[in-house]
Amino acid sequence: MKFKSITKIEFMWLILSVVTMGFCLSFLDRTALGTDPCTMFNLGMADLLHISLGNWQALFNSVLFIFVFLFAKDQIGWGTIANMFLVGYSFDFFSWLNHKLLSDALFQNMVARILITFPILALFILAASIYISIQQGTAPYDAIPFILHRKINKLSFKVVRMGWDISVFILGFILGSKAGIVTVIMAFAFGPAIAYTQKHIINKLIP
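Residues numbered from 1 in each chain as written. Predicted model: local features only at pLDDT ≥ 70, side-chain atom pairs only at ≥ 80, totals over all residues. Heavy atoms only, no water.

1. Some details on unusual backbone geometry
To keep things clear, this is the line we draw: Throughout this description, buried means an accessible area under 20% of the type-specific maximum (1.4 Å probe, protein chains only), exposed means over 50%, and partly exposed covers the range between. A run of DSSP states H or I qualifies as a helix once it reaches four residues; a run of E qualifies as a strand once it reaches two. Both are numbered from the N-terminal end.
A positive phi angle, close to 60 degrees, is found at Ala32, a residue other than glycine. According to the relative accessible area criterion, Ala32 is partly exposed, its value standing at 43%. A positive phi angle, near 55 degrees, is found at Gln135, a position not held by glycine. Structurally, Gln135 is set in the loop between α5 (110-133) and α6 (140-151).

Here you go:
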């Protein structure tokens, strides 16, 4: 298996994008207005096992990576490796940092939580758009629907992806993770928001 070549500039943007996603998720978790289904599930599992999100995601992604390596090598690249480890450990670091710098009282005020959430969500979408635009592979979580679609080709990829996300969402809910307005936004508007951001911002930012 040979990774697609990557320039220094692309590598810089790649690392910046996944670290930024971890930064954003640390705030979305603290505002308690929901996260994407994958993070919702991962937070529930990390709490259940009493380990950090970074450690759980490293373990979870490593297991998923085995299936991706066996059945979808074309989905693997530098971005796969970066996403597997840096998002979770960035989340751990920035969660620790914002608990040090920002008081709990700030996150008990609904207006403040909303005012924090929407700029952070916009930044997360921007970072995810950069990550996808660089085209250096997908996260193991995102590669699994490709594998399932190839095995269940009677269903469209969109249906398979929705089924995957819904299944993970249900597992996260069972584990005690909380859904919120951000979860709804991620479920219905994340894809179109990514596409719009790529077309109107990222393609100009990264030629």
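On we go.
2. Let's talk about helix α3 (residues 53-71)
Selection rule: The length a helix should cover is 1.5 Å for every residue beyond the first. By definition in these notes, contact holds between two residues if any of their heavy atoms fall within 4.5 Å.
Taking 1.5 Å per residue as the helical rise, α3 with its 19 residues ought to reach 27 Å, and the 26 Å between its terminal C-alpha atoms agrees with that figure. Looking at the buried positions of α3, the neighbouring elements they touch are α2 (37-49), α4 (78-101) and α6.

3. Side note on α2
Residue pairs three or four apart in sequence face the same way in an α-helix, which turns once every 3.6 residues. Spanning 13 residues, α2 covers 18 Å between terminal C-alpha atoms, matching the ideal 18 Å at 1.5 Å per step. Among the 13 residues that make up α2, 10 are buried, leaving the element largely enclosed by the rest of the structure. Among the residues making up α2, those that are buried are Pro37, Cys38, Thr39, Met40, Phe41, Asn42, Leu43, Gly44, Met45 and Ala46. Among the structural elements, α1 (8-31), α3, α4, α6 and α7 (157-174) are those in contact with the buried residues of α2. Downstream of α2 by a residue or two, His50 has a phi angle that is positive, lying close to 60 degrees.

4. Observations concerning the pattern of salt bridges
Here is the rule we go by: We count a salt bridge whenever a side-chain nitrogen from Lys or Arg sits within 4 Å of a carboxyl oxygen from Asp or Glu.
This structure, assessed with the given rule, holds 4 salt bridges. Between Arg30 and Asp104 there is a salt bridge whose closest N-O contact spans 2.7 Å. Of this pair, Arg30 sits in helix α1 while Asp104 sits in the loop between α4 and α5; the two residues are 74 residues apart in sequence, bridging distant segments of the chain. Residue classification places Arg30 among the buried residues on the basis of a relative accessible area of 11%. Ionic pairing is found between Arg161 and Asp165, a salt bridge with its closest N-O pair at 3.1 Å. Residue Arg161 and its partner Asp165 are both found in helix α7; the two are separated by 4 residues, about one turn of the helix. Salt bridges here are not isolated pairs; linked through shared partners, they connect Asp142, Arg161 and Asp165.

5. Some remarks on the side chain of Asn42
The test is simple: Any pair of nitrogen or oxygen atoms within 3.5 Å is treated as a polar contact; in protein, a donor-acceptor pairing is required on top of that, and neighbouring residues in sequence qualify only through side-chain atoms on both sides.
When you line up the elements, Asn42 lands in helix α2. Since its relative accessible area comes to 1%, Asn42 is described here as buried. Within the structure, Asn42 has its side chain in polar contact with the side chain of Gln57 (distance 3.1 Å). Setting aside its immediate chain neighbours within four residues, Asn42 contacts Leu53, Trp56, Gln57 and Phe60.

6. Overview of the packing of aromatic side chains
What counts, and what does not: Two rings from Phe, Tyr or Trp (for Trp, the six-membered ring) form a pair when their centres sit within 6.5 Å of each other. Planes less than 30 degrees apart are called stacked, planes more than 60 degrees apart edge-to-face, and all others tilted. Working rule: Lys NZ or Arg CZ, within 6 Å of ring centre, within 35 degrees of ring normal, means a charge sits over the ring.
Inspection of the entire model under this criterion finds 9 aromatic pairs. Among the aromatic residues, those joined into a cluster by ring pairs are Phe23, Phe27, Phe93, Phe94 and Trp96. Sitting over the ring of Phe69, Lys73 keeps its end group 4.5 Å from the ring centre.

7. What to know about a nonpolar patch on the surface
What counts, and what does not: What goes into a patch is any residue over 30% in relative accessible area without a salt bridge, connected to like charges within 9 Å or, for nonpolar side chains (Val, Leu, Ile, Met, Phe, Trp, Tyr), within 5 Å. Only the protein chains shown count as covering a residue, and every accessible area follows the Shrake-Rupley method with a 1.4 Å probe.
Together, Leu59, Val63, Ile66, Phe67, Phe69, Leu70 and Phe71 make up an exposed nonpolar region whose accessible area comes to about 650 Å². A relative accessible area of 46% places Leu59 in the partly exposed class.

8. Quick word on the side chain of Thr80
Considering the arrangement of structural elements, one finds Thr80 in helix α4. At 3.0 Å, the side chain of Thr80 forms a polar contact with the backbone nitrogen of Gly77. For Thr80, the residues in contact, after removing those within four places along its chain, are Phe65, Gln75, Tyr131, Gln136, Gly137, Thr138 and Pro140.

None of this, on its own, says anything about what the molecule does.
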